[in-house]
Amino acid sequence: MSRARHNRGFTLVELMVVISLLAIMASIAVPNFTQFTRNNQVQAKAEELKTFLVMARTEAVNWRTIIELDLAANDTWQAKRPSQNDQLLRNIEFTQGKVKLVATNESGTGITDLTYRPNGTASNPARFTVCYDEDAENGFLITIQPNGSIRMHPRGKDENNTALAACE
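Summarised in this report is the structure supplied together with it. (Residues numbered from 1 in each chain as written. Predicted model: local features only at pLDDT ≥ 70, side-chain atom pairs only at ≥ 80, totals over all residues. Heavy atoms only, no water.)

Examining the state of the cysteines
A covalent bond between the sulfur atoms of two cysteines is referred to as a disulfide.
Reasoning step 1: One pass over the full model with this rule turns up 1 disulfide.
Reasoning step 2: What pairs with C131 in a disulfide is C167, and their sulfur atoms sit 1.9 Å apart. Across the disulfide from C131 to C167, rotation about the S-S bond amounts to roughly -85°, and the bridge is consequently left-handed. Taken together, the residues span a long stretch of sequence, with C131 in strand 6 (residues 126-132) and C167 in the segment after strand 8 (150-152) at a distance of 36 residues. (Disulfide = S-S within 2.5 Å. Helix = DSSP H or I, 4+ residues; strand = E, 2+ residues; numbered from the N terminus.)

This is the structure in structure tokens:
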């Protein structure tokens, strides 16, 4: 006469197989998740910069005054209204070690200031690159035309829709 055994639980072998499968899946997922997080940080900072620039231009037009952007600081850029004793309108902060913001003119020379006039035009054309650890492939380019228009180009592309050469 045989009795049916009722197993309750897992054997050690079954448990080790499940744990090893979970470890393999985690080793695949973690690097992808890390890159996804970095890409989101860069995109968020690029969109924040674009909003900062649009706000400065809008303020210049709405208040019919000059708005100056101080881009000289390493970790905080500021928008000021000089007609009101350099009233601070807004600032944008970033950490140099993670996401890098670089402001240059058309020839690639760094700029430390930009001015929006009451008619919405910019004092000079400018290029802003936003990257994480010099990774141009996942960086963003934001351009300002002399007429003041602001454009954020697709990820990893420059104004000619070719690959972004560098984060500078």
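A look at a nonpolar patch on the surface
Reasoning step 1: Together, F10, L12, L15, M16 and I19 make up a nonpolar patch on the protein surface, roughly 580 Å² of accessible area in all.
Reasoning step 2: Mapped onto the elements, F10 comes out in the segment before helix 1 (12-63).
Reasoning step 3: Using a relative accessible area of 72% as the deciding quantity, one classes F10 as exposed. (Patch = residues over 30% accessible without salt bridge, like charges linked within 9 Å, V, L, I, M, F, W, Y side chains within 5 Å. Areas by Shrake-Rupley, 256 points an atom, 1.4 Å probe, with all protein chains shown as cover. Salt bridge = Lys/Arg side-chain N within 4 Å of Asp/Glu carboxyl O. Buried < 20%, exposed > 50% of the residue type's maximum accessible area, 1.4 Å probe, protein only.)

Thoughts on the pattern of salt bridges
Side chains that carry opposite charge are capable of pairing whenever their charged atoms lie near each other.
Reasoning step 1: Taken as a whole, this structure holds 5 salt bridges when the rule is applied.
Reasoning step 2: The shortest N-O distance in the salt bridge between R127 and E159 comes to 2.5 Å. Taken together, the residues R127 in strand 6 and E159 in the segment after strand 8 connect sequence positions 32 residues apart.

A word on the pairing of strand 6
Residues in a regular strand project their side chains so that they alternate between the two faces of the sheet.
Reasoning step 1: Among the 7 residues that make up strand 6, 7 are buried, leaving the element largely enclosed by the rest of the structure.
Reasoning step 2: With 6 bridges joining them, strand 4 (residues 99-104) and strand 6 adopt antiparallel strand pairing. Its bridge partner lying in strand 6, K100 is registered against C131.
Reasoning step 3: With 5 bridges connecting them, strand 6 and strand 7 (residues 140-144) associate as antiparallel partners. Pairing of R127 across the sheet is with T143, part of strand 7. (Pairing = 2+ DSSP bridges.)

What about the sheet that holds strand 4?
Reasoning step 1: Taken in spatial order, the 4 strands make up an open sheet running 4-6-7-8, and their pairing is antiparallel. With one partner strand each, in any of the chains shown, strand 4 and strand 8 form the two edges of the open sheet. Strand-to-strand twist of the sheet, defined as the mean angle between neighbouring strand axes without regard to direction, takes the value 15°.
Reasoning step 2: Sitting on the sheet, helix 1 touches strand 4, strand 6, strand 7 and strand 8, and the angle it makes with strand 6 is about 155°. (Axes fitted to C-alpha atoms, helices over the stretch in contact; angles between N-to-C directions. Contact = heavy atoms within 4.5 Å.)

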